[in-house]
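Each chain, written out:
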Amino acid sequence: MNRLSAREQAFCGFYCELRDARAAAERAGFKNAAAKGEALLGREEIVEEVARLSALKNRETGDIASAGYRRLAFGDISDAVSLLFMNEPGEEELRNMDLFLVSEIKKPRDGNMEIKFFDRLKALEKLEQQVDSDGGAQRLIEAIERGARSLERDGGED
């Protein structure tokens, strides 16, 4: 495989981000960006590198989403509850609070505060869908089945 130049690597990265050959070639510093971008996309090693970078980006995005869903499903609400009991929280106090789980805060005219949280069950459902789409649940079931068959062959003895 031919090694890609630094500019060609940059093109691949920009193309993954922008999905526009002309703009990616321009950002990577090529002259006559429209023609150069199309020419680069015609090269097999460029297409392979774009595919590799896209797969990494997709996996990273999935990992970020999973982390967010885990945090929504299992996160701590103590800072949000503390906020309910504060009269007039200062800017510094608010900056130091973890309010990731809060979807909405209202303070009606009567002075009371209403806090709505993201739905933990929906976050758990999304996590379950990710495991299912990754084949994680299926792999677990298959591993259990292999273990059971192995035990049957061995007569269940250790």
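Residues numbered from 1 in each chain as written. Predicted model: local features only at pLDDT ≥ 70, side-chain atom pairs only at ≥ 80, totals over all residues. Heavy atoms only, no water.

> Hey, could you run me through the side chain of glutamate 8 in this one?
Within the secondary structure, glutamate 8 is located in helix α1 (residues 6–18). Residue glutamate 8 is classed as buried on the basis of its relative accessible area of 12%. Polar side-chain contacts of glutamate 8 include one of 2.5 Å to the side chain of arginine 43. The residues contacting glutamate 8, other than those within four sequence positions of it, are Arg3, Phe30, Leu40, Arg43 and Ile46. (Helix = DSSP H or I, 4+ residues; strand = E, 2+ residues; numbered from the N terminus. Buried < 20%, exposed > 50% of the residue type's maximum accessible area, 1.4 Å probe, protein only. Polar contact = N/O pair within 3.5 Å; in protein donor to acceptor, adjacent residues only side chain to side chain. Contact = heavy atoms within 4.5 Å.)

> Just checking my understanding: could you explain a negative patch on the surface for this structure?
Together, Asp119, Glu125, Glu128 and Asp132 make up a region of like negative charge exposed at the surface. Here aspartate 132 is to be found in helix α7 (residues 120–133). On the accessibility criterion, aspartate 132 (45% relative accessible area) is partly exposed. (Patch = residues over 30% accessible without salt bridge, like charges linked within 9 Å, V, L, I, M, F, W, Y side chains within 5 Å. Areas by Shrake-Rupley, 256 points an atom, 1.4 Å probe, with all protein chains shown as cover. Salt bridge = Lys/Arg side-chain N within 4 Å of Asp/Glu carboxyl O. Lys, Arg positive; Asp, Glu negative; His and termini not counted. Charge placed at Lys NZ, Arg CZ, Asp CG, Glu CD.)

> Where do I start with α1 in this structure?
It helps to recall that an α-helix has 3.6 residues per turn; residues three or four apart then point in one direction. With 13 residues, α1 ought to run about 18 Å at 1.5 Å a step, and its terminal C-alpha atoms sit 18 Å apart, in line with that. Buried residues of α1: Glu8, Phe11, Cys12, Tyr15 and Cys16, and no others. Down the axis of α1, the buried side of the element spans an arc of 130 degrees, and every buried residue falls inside it. Lining the buried residues of α1 we find α2 (21–27), α3 (33–41) and α4 (44–74). Just downstream of α1 lies arginine 19, where phi reads positive at about 55 degrees. (Expected span 1.5 Å × (residues − 1). Arc of directions from axis to C-beta.)

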